[in-house]
Amino acid sequence: MVSYKELGLVNSRELFKKAINGGYAIPAFNFNNMEQMQAIIQACVETKSPVILQVSSGARKYANQTILRYMAQGGVEYAKELGCNIPIVLHLDHGDSFELCKSCIEYGFSSVMIDGSSKPYDENVELTRKVVEYAHKYDVTVEGELGVLAGVEDDVKAESHTYTRPEEVEDFVSKTGVDSLAISIGTSHGAYKFKPGQKPEIRLDILHEIEKRIPGFPIVLHGSSSVPQDIVAEINHYGGHLKDSIGIPEDQLREAAKSAVCKINIDSDGRLAMTAAIRKVMVEHPEEFDPRKYLGPARDKLKQLYIHKINNVLGSNDKM
Ligand code: G3H
Ligand code: 13P
Ligand code: ZN
């Protein structure tokens with residue numbers, strides 16, 4: 001067992017308090033490999049932003065949980081080397097069992113999500129409460145979820161949104177003791193969040209209703225990529241085939257970040273940025289075969305995307 005505190009990580013409690021009071025949100029960026037980690041740290045150091053490094057089950061399968069843990073530790077040291085000791089949280093994204101959350105806590109995670117959102121309400125409460133009870137012994141913060149996002153969340157697939165029911169949030173928060181709550185208000189995972197012809201809009205009215213019921217309680221938005229159309233066009237220009245990919249408009253996320261939304265999850269936009277940069281090198285320099293020649297530009301494009309998100313969408317710059 002290693003405590004995240006020994007690794008130089010922090011939990012999310014203080015960060016969320018400051019974010020709510022300051023009207024901004026903390027970026028939660030997923031990582032699976034070294035270039036993503038470097039881009040995140042470089043962008044957050046340059047903008048002086050706190051950050052949540054997220055590890056999904058898919059990332060654990062892809063990269064190995066031990067490697068990811070040491071990479072996060074490396075990220076903490078790298079930030080210091082760059083001259084800025086930004087607050088860094090290591091968070092389990094979409095934990096689906098008590099055992100997984102426990103294992104991550106023992107591995108040095110400072111925050112976990114237990115996602116019981118696809119279970120019946122009482123089971124979700126029971127599972128979340130059990131994780132909170134264990135995590136709080138080690139001062140690890142816990143994110144729960146109420147409501148189901150459309151699309152695919154790991155192995156769970158939902159055809160349409162089940163919006164969070166504002167009338168349930170107070171009961172859920174008090175029965176479970178969670179530190180933050182992910183809600184479903186029209187965001188979804190991946191690059192196809194709306195159908196062509198549909199108005200890309202999140203339900204800020206539900207968010208405000210939830211805020212009224214649990215004032216000042218930290219709210220989390222998953223599925224918050226915006227699917228930048230210039231990046232999609234670049235991918236398609238260099239031989240890709242992304243059709244009708246639509247995301248959440250950034251001005252709506254900026255609006256949400258001013259409220260009790262204090263953590264915004266962005267993964268797909270980073271995947272798109274890396275893909276665009278890699279495709280460009282492959283097409284323009286077919287003679288290249290050194291991975292650094294295409295992963296380097298991918299890392300740079302990713303860093304620029306993160307800087308843009310921090311400065312213009314989340315508002316977490318200069319908040320360390
Ligand atoms: O919530 C989903 C995240 O984007 C992680 O996706 O499970 O493919 O790693 P993943
Ligand atoms: P996107 O697919 O919209 O980037 O959402 C990521 C996410 O919610 C990770 O948990
Ligand atoms: Zn998610």
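A brief look at the structure comes next. Since we're looking at a predicted model, the values are computed, not measured. (Residues numbered from 1 in each chain as written. Chains lettered and ligands numbered in written order. Predicted model: local features only at pLDDT ≥ 70, side-chain atom pairs only at ≥ 80, totals over all residues. Heavy atoms only, no water.)

**Section: the nonpolar core**
Then, in step 1: Core analysis: the largest hydrophobic core is formed by 89 residues, its most contacted members being Phe31, Ile88 and Leu181.
Then, in step 2: The element best represented in this core is helix H12 (residues 291–314), accounting for eight residues.
Then, in step 3: The contact partners of Phe31, leaving out residues within four places of it in the chain, are Gln36, Met37, Ile40, Leu53, Gln54, Val55, Ala59, Leu68, Met71, Ala72 and Leu90.
Then, in step 4: In this structure, Leu15, Ile20, Ile52 and Val89 belong to the second largest nonpolar core, which totals ten residues. (Core = buried A, V, L, I, M, F, W, Y, C linked by side-chain atoms within 4.5 Å. Buried < 20%, exposed > 50% of the residue type's maximum accessible area, 1.4 Å probe, protein only. Helix = DSSP H or I, 4+ residues; strand = E, 2+ residues; numbered from the N terminus. Contact = heavy atoms within 4.5 Å.)

**Quick word on the sheet that holds strand S8 (residues 180–183)**
Then, in step 1: Within the closed barrel, the eight strands sit side by side as S1-S2-S3-S4-S5-S8-S9-S10. Their pairing is parallel. Here the average twist between neighbouring strands, direction ignored, is 25°.
Then, in step 2: Both strand S3 (residues 88–95) and strand S4 (residues 111–114) contribute to a ladder of three bridges, which runs parallel. When the sheet's bridge partners are listed, His91 is paired in S4 with Ser111.
Then, in step 3: This element, helix H6 (residues 121–137), spans S4 and strand S5 (141–146) of the sheet and lies at about 175° to S5. (Pairing = 2+ DSSP bridges. Axes fitted to C-alpha atoms, helices over the stretch in contact; angles between N-to-C directions.)

**So, the packing of helix H2 (residues 34–47) against H12**
Then, in step 1: The geometry of H2 relative to H12 is characterised by a closest axis approach of 8 Å and an angle of 40° between their N-to-C directions. Between H2 and H12, the angle is such that the two are oblique. As H2 runs across H12, the sense of the crossing is right-handed. Packed against H2, whose contacting residues are Glu35, Gln36, Gln38, Ala39, Ile40, Gln42, Ala43, Cys44, Glu46 and Thr47, the element H12 presents Leu295, Arg299, Leu302, Lys303, Tyr306, Ile307, Ile310 and Asn311 at the interface.
Then, in step 2: Class assignment for the residues of the contact of H2 with H12 results in nine nonpolar, five polar and four charged. (Parallel < 35°, antiparallel > 145°, perpendicular 65-115°, else oblique. Left-handed = near helix turned anticlockwise from the far one by under 90°. Nonpolar A, V, L, I, M, F, W, Y, C, P; charged D, E, K, R; others polar.)

**Let's talk about the packing of aromatic side chains**
Then, in step 1: Scanning all chains against the criterion turns up four aromatic pairs.
Then, in step 2: When the centroid spacing of 5.7 Å and the interplanar angle of 80° are considered together, the rings of Phe98 and Tyr134 count as edge-to-face. Of the two residues, Phe98 is situated in helix H5 (residues 98–107) and Tyr134 in helix H6; the sequence distance between them amounts to 36 residues.
Then, in step 3: You can call Tyr134 buried: its relative accessible area is 10%.
Then, in step 4: An aromatic cluster of at least three residues, connected via ring pairs, comprises Phe98, Tyr134 and Tyr138. (Phe/Tyr/Trp six-rings, centres within 6.5 Å; stacked < 30°, edge-to-face > 60°.)

**Examining the site of ligand 2**
Then, in step 1: Close to ligand 2 lie 16 residues, the nearest being Asp93, Lys193, Ser225, Asp267 and Ser268.
Then, in step 2: Contact distances for ligand 2 include 2.8 Å between an oxygen atom and a backbone N or O atom of Gly223.
Then, in step 3: Backbone polar atom of Asp267 to an oxygen atom of ligand 2: 2.7 Å apart, as the coordinates give it.
Then, in step 4: For the shell around ligand 2, the elements supplying multiple residues, two or more each, are S3 and strand S10 (261–266).
Then, in step 5: Of the residues contributing to the shell around ligand 2, the split by class is one nonpolar, twelve polar and three charged. (Near = heavy atom within 4 Å. Polar contact = N/O pair within 3.5 Å; in protein donor to acceptor, adjacent residues only side chain to side chain.)

**A closer look at the state of the cysteines**
Then, in step 1: For the structure on display, the rule yields zero disulfides.
Then, in step 2: Looking at the unpaired Cys84, the closest cysteine sulfur is the one in Cys44, lying at 9.9 Å.
Then, in step 3: Looking at the unpaired Cys101, the closest cysteine sulfur is the one in Cys104, lying at 6.9 Å.
Then, in step 4: When its relative accessible area of 1% is taken as the criterion, Cys101 is described as buried. (Disulfide = S-S within 2.5 Å.)

**Some details on the environment of Thr164**
Then, in step 1: On the secondary structure map, Thr164 appears in the loop between strand S7 (156–158) and helix H7 (166–176).
Then, in step 2: The spacing of Thr164 and Gly147 is 17 residues in sequence and 4.1 Å in space, taken between C-alpha atoms.
Then, in step 3: In this structure, Thr164 is in contact with Leu146, Gly147, Val169, Ile183, Ser184, Ile206 and Ile210, ignoring residues within four places of it in sequence.
Then, in step 4: Engagement of the side chain of Thr164 in a polar contact is seen with the backbone oxygen of Leu146, the distance being 2.5 Å.

**Comments concerning unusual backbone geometry**
Then, in step 1: Backbone geometry at Val227 places phi at a positive 50°, although glycine is not the residue there.
Then, in step 2: Summarising the element assignment, Val227 is placed in the loop between strand S9 (219–221) and helix H9 (229–237).
Then, in step 3: Phi at Asp318 is positive, roughly 60°, even though this residue is not glycine.
Then, in step 4: Within the element layout of this structure, Asp318 appears in the segment after H12.
Then, in step 5: The exposure class of Asp318 is exposed, given its relative accessible area of 58%.

**As for the site of ligand 1**
Then, in step 1: In the region of ligand 1, eight residues are neighbours, and Ser56, His94, His189, Asp267 and Arg271 sit closest.
Then, in step 2: A distance of 3.2 Å separates an oxygen atom of ligand 1 from a polar side-chain atom of His189.
Then, in step 3: Protein contacts shield 76% of the accessible area of ligand 1, which totals 310 Å² for the unbound molecule.
Then, in step 4: Partitioning the shell around ligand 1 into residue classes produces no nonpolar, four polar and four charged. (Areas by Shrake-Rupley, 256 points an atom, 1.4 Å probe, with all protein chains shown as cover.)

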